[in-house]
Amino acid sequence: MTKTPATTHREAAHRTPHSCADTENTANAAPRAPARAKDTEQTALTHRDRWSGLLDRLAGELTPPTVWADRPASLREISRYARHGAWTTETGAWRTAGVWWCRLVAIPVSTLAYYTAWIAQRPSRTVVVTVLYVVAAHTTPGRVLLPWPAWLP
C-alpha cells in the first residue's frame, strides 16, 4: 500500500486566520503556490465539468440521428428505454411521466412514422396502398372515416 504524502500547513491552499496577506511574498510562499494553483484548477474544472456535462447531455438529446447510416430504434427499444433507461432514476415521477409519454405519444407516432417510411421506400408498396385507400374511400364506411377531396371523383 502506497502512502500519499500529507499536505503540510505550508502547502495548504487556503489561508488560515493566523496567516496575513504579506505571507505571499515571504520565503514560505513558494511551497504554497502549487497547492493554491491545484485547488483553483480543481474547483474551476468541477464547475466547468458540471456545465460541460449538462451541455453534452442536452446536445446528445437534441442531436438528430444520422439516418443515412444508423437504423432507428425499434418500438421495443423505445419502450425499454422509457422503462429502464439511464435518463432518470429507476423510480419516481419523471420515470412515470416518461413511461406514459412513451405509451401515449412515442409508440403511436413512431409506429405511424415507421409504416409511412416503409410504404414510401418502394414504388410498388406506394401504389398498392394508394389503390387500397382509393377503393376504401369510395365505400360507405370509407366515406365517413377516410378523408377524400371533393374535387376528385
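All values reported here derive from a predicted model rather than from experimental measurement.

### A few points about the overall build of the chain
Moving on, step 1. Helix and strand content of the chain: five helices and zero strands.
Moving on, step 2. Listed by position from the N terminus, the elements making up the chain come as α-α-α-α-α.
Moving on, step 3. Put simply, the chain has 153 residues, and 10% of those count as buried.
Moving on, step 4. Total accessible area computed for the chain in this model is approximately 13,100 Å², and 66% of it derives from carbon and sulfur atoms.

### Looking at the side chain of Arg95
Moving on, step 1. Relative to the helices and strands, Arg95 resides in helix H3 (residues 93-120).
Moving on, step 2. Comment: no salt bridge for buried Arg95; closest opposite-charge side chain is Glu90, at 4.2 Å.
Moving on, step 3. Among all residues touching Arg95, those that are not within four sequence positions of it are Tyr81, Ala82, Arg83, His84, Gly85, Trp87, Thr88, Thr89 and Glu90.

### Comments concerning a positive patch on the surface
Moving on, step 1. On the surface, Arg76, Arg80, Arg83 and Arg103 cluster together into a patch of positive charge.
Moving on, step 2. Per element, the largest residue contribution to the positive patch is three residues, and it comes from helix H2 (residues 75-84).
Moving on, step 3. For Arg83, the position within the fold is in helix H2.
Moving on, step 4. A relative accessible area of 38% places Arg83 in the partly exposed class.

### Quick word on a nonpolar patch on the surface
Moving on, step 1. A cluster of nonpolar side chains, Leu55, Leu58 and Leu62, forms an exposed patch at the surface whose accessible area comes to about 330 Å².
Moving on, step 2. With respect to the helices, strands and loops of the structure, Leu55 is situated in helix H1 (residues 29-62).

### Focus: H3
Moving on, step 1. With 28 residues, H3 extends 39 Å from end C-alpha to end C-alpha; this agrees with the ideal 40 Å at 1.5 Å per step.
Moving on, step 2. Of all the bends in H3, the greatest, near 45°, is centred on Cys102.
Moving on, step 3. The elements touched by buried residues of H3 are H2.

### Observations concerning the confidence of the model for the chain
As a general rule, the predicted coordinates of low-pLDDT regions are not to be interpreted in detail.
Moving on, step 1. With 67% of its residues at a pLDDT of at least 70, the chain reaches an overall mean of 76.
Moving on, step 2. Of all the helices and strands in the chain, H1 carries the lowest mean pLDDT, 64, while H3 carries the highest, 95.
Moving on, step 3. Contacts of residues 4-21 to residues separated by more than four positions or lying in other chains number 20 contacts, the stretch itself having pLDDT below 50.

### Observations regarding the packing of aromatic side chains
Moving on, step 1. In total, this model carries one aromatic pair according to the counting rule given.
Moving on, step 2. Sitting above the plane of the Trp100 ring, Arg103 keeps its charged end 4.8 Å from the centroid.

### Points about the side chain of Ser110
Moving on, step 1. Counting through the fold element by element, Ser110 comes out in helix H3.
Moving on, step 2. The class for Ser110 is buried, based on a relative accessible area of 14%.
Moving on, step 3. Looking at Ser110, its side chain comes within polar contact range of the main-chain oxygen of Ala106, at 2.7 Å.

### Focus on the packing of H2 against H3
Moving on, step 1. Relative orientation of the contacting elements H2 and H3 amounts to 170°, with a least axis distance of 9 Å. In terms of orientation, H2 and H3 fall into the roughly antiparallel class. On H3, the residues that touch Leu75, Ile78, Ser79, Tyr81, Ala82, Arg83 and His84 of H2 are Arg95, Gly98, Val99, Cys102, Ala106, Ile107, Ser110, Thr111 and Tyr114.
Moving on, step 2. For the contact of H2 with H3, the class distribution of residues is nine nonpolar, five polar and two charged.

About the cut-offs
Residues numbered from 1 in each chain as written. Predicted model: local features only at pLDDT ≥ 70, side-chain atom pairs only at ≥ 80, totals over all residues. Heavy atoms only, no water. Helix = DSSP H or I, 4+ residues; strand = E, 2+ residues; numbered from the N terminus. Buried < 20%, exposed > 50% of the residue type's maximum accessible area, 1.4 Å probe, protein only. Areas by Shrake-Rupley, 256 points an atom, 1.4 Å probe, with all protein chains shown as cover. Lys, Arg positive; Asp, Glu negative; His and termini not counted. Salt bridge = Lys/Arg side-chain N within 4 Å of Asp/Glu carboxyl O. Contact = heavy atoms within 4.5 Å. Patch = residues over 30% accessible without salt bridge, like charges linked within 9 Å, V, L, I, M, F, W, Y side chains within 5 Å. Charge placed at Lys NZ, Arg CZ, Asp CG, Glu CD. Expected span 1.5 Å × (residues − 1). Bend = angle between axes of the 7 residues up to and from the residue. pLDDT = per-residue confidence, 0-100. Phe/Tyr/Trp six-rings, centres within 6.5 Å; stacked < 30°, edge-to-face > 60°. Lys NZ or Arg CZ within 6 Å of the ring centre and 35° of its normal. Polar contact = N/O pair within 3.5 Å; in protein donor to acceptor, adjacent residues only side chain to side chain. Axes fitted to C-alpha atoms, helices over the stretch in contact; angles between N-to-C directions. Parallel < 35°, antiparallel > 145°, perpendicular 65-115°, else oblique. Nonpolar A, V, L, I, M, F, W, Y, C, P; charged D, E, K, R; others polar.

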